[in-house]
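# A structural walkthrough
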Amino acid sequence: MAFTLSRGGNNITAEVQRWQYFLLRRSITQVGKIDGEFGLKTEEATKIFQLQQQLAVNGKVNTGTLSAAKVLGYTILPNNYYTQRNSINWPAPPSDLSSPTSSWRNSKFGCFKFVQKALQFRDRKERIVIRGACAGSVADWIQRNIIEFESSAFSLADGFRGSFRVHAKAREALEELLLQWKNADLLHLVISYAGAFDPRYIFGHNPGNGAQPELKSTEASKLSNHAFGSAFDINAIQNWIGEVPAVCGSKGSVRELVAGANAAGFFWGGHFGGGRIDGMHFELAH
Ligand SMILES: [Zn+2]
């Protein structure tokens, strides 16, 4: 028995996301957006799919409908898939990867000089203003290093505008991560996107409310990896900083994405220690 779905049924939210993603990929836009909720729109879109496939039209994702979908590439999971993965400790942290050190990211992405304006001139307390490279004559570190990497991978996710703003040297690994997620048929899990490059300290860090003098990125250990353009955030609402990330199978869970991210060299913020858990966050780690 595969995971059947219906309005009012005992649905697994991640499977509703999978179904909604499948219908959207087949241009059945009546389903609306991927929200994991099997409501009237999803029911109506299911009927359209059933009509197209010459199935009995009842708006329920039953075994007959799933069989027709499977022929079209829909993934059918084993019955015990979610019960094997519903622990808050799943997945285990990778043994061969950890959050990057400050020296690693500075050598990989390049040291930059930055200042911080007085608090009333920042749009958030962690904001910094990046200037030039620490060495040489590059006057604008951002212009030299940060690129717009166009991709359709997250085209169905809320807040995605068609490209990732990342460091040029993070692009290849990000492409690999997206390929991993696509090949594992996991892109239905990405329901919203909250950005990549973002010049700032880590969440909550503010060295002072006054204007801060110029520093080099090698001198500041509390900079976010977003400031180097080597991190991005997804499904923020369900995986807020400091909170237990959504468990596998529930709305907005990113846990199934971790293995592919790790394989591409990205560390998951849900594996941060020291009370800084950040389940929306993925960062390039080697
Ligand atoms: Zn982040």
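Attention here is on the structure that accompanies the text. (Residues numbered from 1 in each chain as written. Predicted model: local features only at pLDDT ≥ 70, side-chain atom pairs only at ≥ 80, totals over all residues. Heavy atoms only, no water.)

## Some points on the overall build of the protein chain
Across its full length, the protein chain carries seven helices and eight strands. Dimensions along the principal axes, computed over C-alpha positions, put the protein chain at roughly 70 × 35 × 35 Å. Taken over 286 residues, the protein chain has a buried fraction of 50%. (Helix = DSSP H or I, 4+ residues; strand = E, 2+ residues; numbered from the N terminus. Buried < 20%, exposed > 50% of the residue type's maximum accessible area, 1.4 Å probe, protein only.)

## Points about the packing of helix H1 (residues 13-25) against helix H2 (residues 40-52)
At a minimum axis separation of 11 Å, H1 and H2 run at an interaxial angle of 55°. As the angle between them shows, H1 and H2 are arranged oblique. Read as a crossing pair, H1 and H2 show a hand that is left-handed. Touching Trp19, Gln20, Phe22 and Leu23 of H1 are Thr42, Ala45, Thr46 and Phe49, all from H2. Residues belonging to the contact of H1 with H2 are distributed by class as follows: five nonpolar, three polar and no charged. (Axes fitted to C-alpha atoms, helices over the stretch in contact; angles between N-to-C directions. Parallel < 35°, antiparallel > 145°, perpendicular 65-115°, else oblique. Left-handed = near helix turned anticlockwise from the far one by under 90°. Contact = heavy atoms within 4.5 Å. Nonpolar A, V, L, I, M, F, W, Y, C, P; charged D, E, K, R; others polar.)

## Brief notes about the coordination of the zinc ion
Around the zinc ion, the protein contributes the donor atoms His226 (NE2), Asp233 (OD) and His281 (ND1), which lie 2.0 Å from the metal centre. For the zinc ion, the donor residues sit on a single chain with the sequence spacing H-x6-D-x47-H. Of this pair, aspartate 233 sits in strand E6 (residues 231-233) while histidine 281 is found in strand E8 (residues 281-284), placing the two residues 48 residues apart along the sequence. Pair check on accessibility: aspartate 233 and histidine 281 agree, each one buried. (Donors = N, O, S within 2.8 Å, 3.2 Å for Na, K, Ca; no water.)

## Let's talk about the environment of tyrosine 21
The residue tyrosine 21 is located in helix H1 in this model. When the C-alpha positions of tyrosine 21 and lysine 33 are compared, they lie 8.3 Å apart, and in sequence the two are twelve residues distant. For tyrosine 21, the residues in contact, after removing those within four places along its chain, are Ile34, Leu156, Leu187 and His188.

## Here we look at the packing of aromatic side chains
Counting across every chain of the model gives 27 aromatic pairs. Where tryptophan 19 meets phenylalanine 22, the ring centres are 5.4 Å apart and the plane angle is 25°; that geometry is what we call stacked. In this pair, tryptophan 19 and phenylalanine 22 both sit in helix H1, three residues apart, roughly one turn of the helix. Using a relative accessible area of 0% as the deciding quantity, one classes tryptophan 19 as buried. Members of the aromatic cluster, joined through ring pairs, are Phe149, Phe154, Phe160, Phe164, Trp181, Tyr193, Phe232, Phe266 and Phe282. The residue whose ring lies beneath arginine 85 is tyrosine 81, and the NZ or CZ to ring-centre distance is 3.8 Å. (Phe/Tyr/Trp six-rings, centres within 6.5 Å; stacked < 30°, edge-to-face > 60°. Lys NZ or Arg CZ within 6 Å of the ring centre and 35° of its normal.)

Everything listed is a geometric property; what it means functionally is a separate question.
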